[in-house]
Structures are given as structure tokens and as C-alpha cells.
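# Observations on chain architecture
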Amino acid sequence: MKIGIVSRTDKKEALELTKKIIELLDNYEIFIDESMKEYFKMKTIKDVNFIIAVGGDGTILRTAEEYKDTPILPVNMGTHGYLTEINPEDYKKIPEILEKHRIEERSKLVVIKDGKILGEVLNEVIMRAKEPTKVANFLLRYDNKEETIFGDGVIVATPTGSTAYSLSAGGPIVHIKTKATVITPLASLNLKNLPTVIPNNFEVKIKNLGRDSYLVLDGVNFGVLKLNEEILIRKSENKAKFVRI
């Protein structure tokens, strides 16, 4: 069996745990992420059966985007660890989990601009004002409905992302098996702009009607959306897969 390992490299404890996991899995063929080559002299990931992600939710989101359909076993080395499966002290259970487990699938959203795919998200797409003291202005369209959002910005989230930034901004918690998309305005000046849950087969279009605004996909800044530029958000055909006990 081929196992890939992705670890955060900014935390000494994560690298030490990764070393222990590699030693524990000496009966497997082990590969590492490109970002780890400075710390481990091993082959980089290619065509593996599973990936062990050592880090927090940020590491897991990056791993899910980079390695697409490969099942991920997340080991918590972050702050919250909402997406993780086991804690560091339980790492010796990994061989047993790899042999006997279930696969949990989670929906993703794809973001398109000018007919080209920018990327996919497991948590959320965020449009927000580039300048913190300025107000953003967006035209939101879905299911033949139009809504103007005038405030800090807007979040479009998956059920997984409903417990992240969207929740902090007053959005609802949505069960991960629900086929839905969550739209959460950020500090809207229009009291009619309320958090909304829509079917995930609806396409959502967001057009910038005002100042330059940041486009953020799962915490990564994808640049600026300028006046009259538009993005399309829809359900992805791909799913994130997690190894669960």
C-alpha cells in the first residue's frame, strides 16, 4: 500500500510527529509532499492510496485541493481541528485505521471566472472589501432571484464550511450530508440581507458593483475582483474524501 504524508512545516511538533508516523509505517511505501523535501529525503507523492495530513484545518483544506479524490486521514496539529480525525497521542492507531475504516465524502464548490475554473473549495468562497474601512457592493443572483449586498462582503459556503467563517458571521450550521449551499452576508447595511440556505444545484453569480474586492478561496487570496467583474459558483463534481474510524 502506498501512503502519502502532508505535514505543516512551521511547527516543530508536527515534524516530530510526522517522523514518528513514518517510522511506524515502515511496512508501507511512504511518499511526502513537495513542501517537506527540506526535512525528509523521500520520494514525493504520486499515485498513493491514502494521504495522512498532519496539521490543522488549513493543512487539510490545502491537501484536499492539491490531491483531489485521494482519501485523507487527518491528524490534529492545529488550533481547532474541526476536520481532523485523531489527536497526536493516538498516532499509533494509524495502521489499524488504514486497514479498517470508512470513507466519508464531503461536497465542494467550484469557482469560475470568465469561463475558466479558478479553483474548488471545501469550506467557502469569500468576497469582501479590499479596504477594511470601505463598503463593498455586490449583485448576487441565483434561481432567477437578484439581491444587492452592501456591506463588508459575502460568504458562499458548503455544509462543511457552515461551521467555519460563516458560523462566526451569523450563518446557520448545516449537516454535512445536506445537499445545500449557504449564503452569509458580512455586516450588511441592508437588514433584508439574511443568511440563506439554498439547494446545492443552484448556481450562484456574484458581480462586483463597487470598489475592488478580495476573492478568497478556502483562506487563499485569489486576487481582486474589479468593478463589473463576476464569478460563478456551483456544485463541484468532485468530493473531498476522509478516512474515518
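Structure's up top.
Residues numbered from 1 in each chain as written. Predicted model: local features only at pLDDT ≥ 70, side-chain atom pairs only at ≥ 80, totals over all residues. Heavy atoms only, no water.

### Topic: the sheet that holds strand S10 (residues 153–157)
Here six strands make up an open sheet; going across it, the order is S12-S11-S10-S7-S14-S15 and the pairing antiparallel. Both edges of this open sheet fall to strand S12 (196–199) and strand S15 (220–225), since each of them pairs with a single strand only. Pairwise comparison of adjacent strand axes, ignoring direction, gives a mean angle of 20° for this sheet. Pairing analysis gives five bridges linking S10 to strand S11 (residues 180–186), with the strands arranged antiparallel. Looking at the pairing, Ala 157 lines up with Val 182 of S11. (Pairing = 2+ DSSP bridges. Helix = DSSP H or I, 4+ residues; strand = E, 2+ residues; numbered from the N terminus. Axes fitted to C-alpha atoms, helices over the stretch in contact; angles between N-to-C directions.)

### Let's talk about a nonpolar patch on the surface
Nonpolar side chains collect at one region of the surface, where Leu 118, Val 220 and Phe 222 lie side by side and expose about 230 Å² of accessible area between them. Relative to the elements of secondary structure, Phe 222 occurs in strand S15. (Patch = residues over 30% accessible without salt bridge, like charges linked within 9 Å, V, L, I, M, F, W, Y side chains within 5 Å. Areas by Shrake-Rupley, 256 points an atom, 1.4 Å probe, with all protein chains shown as cover. Salt bridge = Lys/Arg side-chain N within 4 Å of Asp/Glu carboxyl O.)

### What to know about the side chain of Lys 108
As for its placement among the helices and strands, Lys 108 is situated in strand S5 (residues 102–113). With a relative accessible area of 2%, Lys 108 lands in the buried category. For Lys 108, the side chain forms a polar contact with the side chain of Glu 120, separated by 3.3 Å. Once you skip the residues sitting within four places of it in the chain, Lys 108 turns out to touch Ala 64, Glu 65, Glu 120, Val 121, Leu 122, Thr 158, Arg 234, Lys 235, Ser 236, Asn 238, Lys 239 and Ala 240. (Buried < 20%, exposed > 50% of the residue type's maximum accessible area, 1.4 Å probe, protein only. Polar contact = N/O pair within 3.5 Å; in protein donor to acceptor, adjacent residues only side chain to side chain. Contact = heavy atoms within 4.5 Å.)

### With respect to unusual backbone geometry
If you check the backbone angles, Lys 68 has positive phi at about 50° while not being a glycine. Positionally, Lys 68 belongs in the loop between helix H2 (57–67) and strand S4 (72–76). Of the residues examined, Lys 68 reaches a relative accessible area of 33% and is grouped as partly exposed. Within the chain, Ala 187 stands out as a residue other than glycine whose phi angle is a positive 45°. Along the chain, Ala 187 falls in the loop between S11 and S12.

### Looking at the pattern of salt bridges
All told, the structure shown has 15 salt bridges when counted by the stated rule. Residue Glu 34 is joined to Lys 37 by a salt bridge in which the shortest nitrogen-to-oxygen separation is 3.9 Å. The class for Lys 37 is partly exposed, based on a relative accessible area of 39%. The partner of Glu 65 in a salt bridge is Lys 68, with the nearest N and O atoms 3.2 Å apart. Within the structure, one salt-bridge network assembled from shared partners comprises Glu 85, Glu 104, Arg 106 and Arg 244.

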